[in-house]
Amino acid sequence: MIFKRFVSVFAAAMMAALALSAQATAEAAKIVAFGDSLTAGYQLAPGESFPEKLEAALRAKGHDVVIVNAGVSGDTTSGGLARLDWSVPDDTDLVILELGANDMLRGVSPEITRSNLDAMITRLDQRDIDVLLAGMLAAPNLGPDYAQAFNSIYGDLADRHDLPLYPFFLDGVAAQAGLLLEDGMHPNAEGVDRMVEGILPLVEAQLDPS
């Protein structure tokens, strides 16, 4: 199991490096979608993952952009922090940082999640790589105290680091049966379309800062 996870993480890093070097032109904006199964495209067909659909939507609107899928199913913020430096190439222009859902589902202390995300943002800033932070909300069954501590993480970090924030990555998709896989947690292809539609204006704003 550990070996399989290592192979998955290593493959994500290699895909990021190879895709950015082989596909991107000198002028293309280079984006890394760095997250968990919600980014990776869990149980979706080729072409249906969030990074692929977002890239297609941006290109359809005239943006010269390459988006690399650096999502790893099951990843936590601790796992993300451990693989960040070698998963995000130095010439990346923007990272869409989407992690924390698995921390929440496992009941990880929100302070650990906050610390890990803060460290990732800081490292990317030190490398002069912009970050768009994609937030998550705690499941109601975890109780109000956990929800309050967890849900405040993303807004606080966005304010602290002056980052663009998409408050809830599954906005318009969560709890919508027709937009989810049978597990009721992961988006289907139509759900990914909704996610892309929601976040698209914010990504465009990062590509065309006024």
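As a reminder, the structure under discussion sits directly above these lines.
Right, let's walk through the structure included here.

Definitions and cut-offs
Counting starts from 1 at the beginning of each chain's written sequence and moves along it residue by residue. Reporting in this predicted model follows two pLDDT cut-offs: at least 70 for local features of residues, and 80 or more for side-chain atom pairs to be given and counted; totals over whole chains, interfaces and linings ignore these cut-offs and use all residues. Only hydrogens and water are set aside when side-chain values are computed; all heavy atoms of the structure are taken into account. Runs of H or I in DSSP of at least four residues are treated as helices and runs of E of at least two as strands, each being numbered from the N terminus. A simple rule labels every residue: compare its accessible area, found with a 1.4 Å probe on the protein chains alone, to the largest value its type can have, and call it buried under 20%, exposed over 50%, or partly exposed in between. Any pair of residues with heavy atoms lying within 4.5 Å of one another is described as a contacting pair. Each accessible area is a Shrake-Rupley result for a 1.4 Å probe, and residues are judged covered by the shown protein chains and nothing else. Only buried residues count toward a nonpolar core. Its members are Ala, Val, Leu, Ile, Met, Phe, Trp, Tyr and Cys residues joined through side-chain atoms within 4.5 Å. Axis definition: a line fitted to C-alpha atoms, limited for helices to the stretch in contact. Angles are taken between N-to-C directions and run from 0 to 180 degrees. In these notes the angle categories are as follows: under 35 degrees is roughly parallel, over 145 is roughly antiparallel, 65 to 115 is roughly perpendicular, and the rest is oblique. Take the far helix as the reference: if the near one is turned anticlockwise from it by less than a right angle, the crossing is left-handed, and if turned clockwise, right-handed. Gly falls in the polar group here, along with every residue not listed as nonpolar (Ala, Val, Leu, Ile, Met, Phe, Trp, Tyr, Cys, Pro) or charged (Asp, Glu, Lys, Arg). Note on ring pairs: Phe, Tyr and Trp rings are taken, using the six-membered ring of Trp, and paired if centres are within 6.5 Å. Classes follow the plane angle, with under 30 degrees stacked, over 60 edge-to-face and the rest tilted.

Here we take up the overall build of the protein chain. Check the secondary structure of the protein chain and you find 8 helices and 5 strands. Secondary structure of the protein chain in N-to-C order comes out as α-β-α-α-β-α-β-α-α-β-α-β-α. Going through the 210 residues of the protein chain one by one, you find that 51% of them count as buried. For the protein chain, the share of sequence-separated contacts (at least 6 apart) that also reach a separation of at least 24 residues comes to 77%. When the accessible surface of the protein chain is split by element, carbon and sulfur atoms take 54% of a total near 10000 Å².

Core analysis: the biggest nonpolar cluster contains 61 residues, and Phe34, Phe50, Leu54, Leu97 and Met136 have the highest contact counts within it. Per element, the largest residue contribution to this core is 7 residues, and it comes from helix 7 (residues 144–161). Once residues lying within four places of it in the same chain are set aside, the contact partners of Met136 are Leu38, Ala101, Met104, Phe150, Asn151, Tyr154, Pro167, Phe168, Phe169 and Leu170.

What follows is about the environment of Leu142. Turning to its location among the elements, Leu142 is positioned in the loop between strand 4 (130–134) and helix 7. In this structure Leu142 comes out as partly exposed when scored by relative accessible area, which is 30%. Expressed as a C-alpha distance, the spacing of Leu142 and Gly107, which sit 35 residues apart in the sequence, is 7.9 Å.

For the rest of this paragraph, the subject is the packing of helix 6 (residues 110–126) against helix 7. Packed helix pairs are specified by the crossing angle of their axes together with the interaxial distance, meaning the distance between the axes. One way to put it is that helix 6 packs onto helix 7 with a least axis distance of 9 Å and a crossing angle of 15°. Here helix 7 runs roughly parallel to helix 6, going by the angle between their axes. Crossing of helix 6 over helix 7 shows right-handed handedness. Residues Pro110, Thr113, Arg114, Leu117, Asp118, Ile121 and Thr122 of helix 6 touch helix 7, and the partners they reach there are Tyr146, Ala149, Phe150, Ser152, Ile153, Tyr154, Asp156, Leu157, Arg160 and His161. For the contact of helix 6 with helix 7, the residue count by class is 9 nonpolar, 4 polar and 4 charged.

Moving on: the packing of aromatic side chains. By the definition in use, this model includes 3 aromatic pairs. Ring geometry for Tyr146 versus Phe150: centroids 6.1 Å apart, planes at 15°, classification stacked. Note that Tyr146 and Phe150 are positioned in helix 7 at a spacing of 4 residues, about one turn of the helix. Across the pair, Phe150 and Tyr146 agree in class, each one buried. With 5.9 Å between their ring centres and 70° between their planes, Phe150 and Tyr154 make a pair best called edge-to-face. Taken together, the positions of Phe150 and Tyr154, both in helix 7 and 4 residues apart, correspond to about one turn of that helix. Here a set of aromatic residues connected by ring pairs shows up, and it is made of Tyr146, Phe150 and Tyr154.

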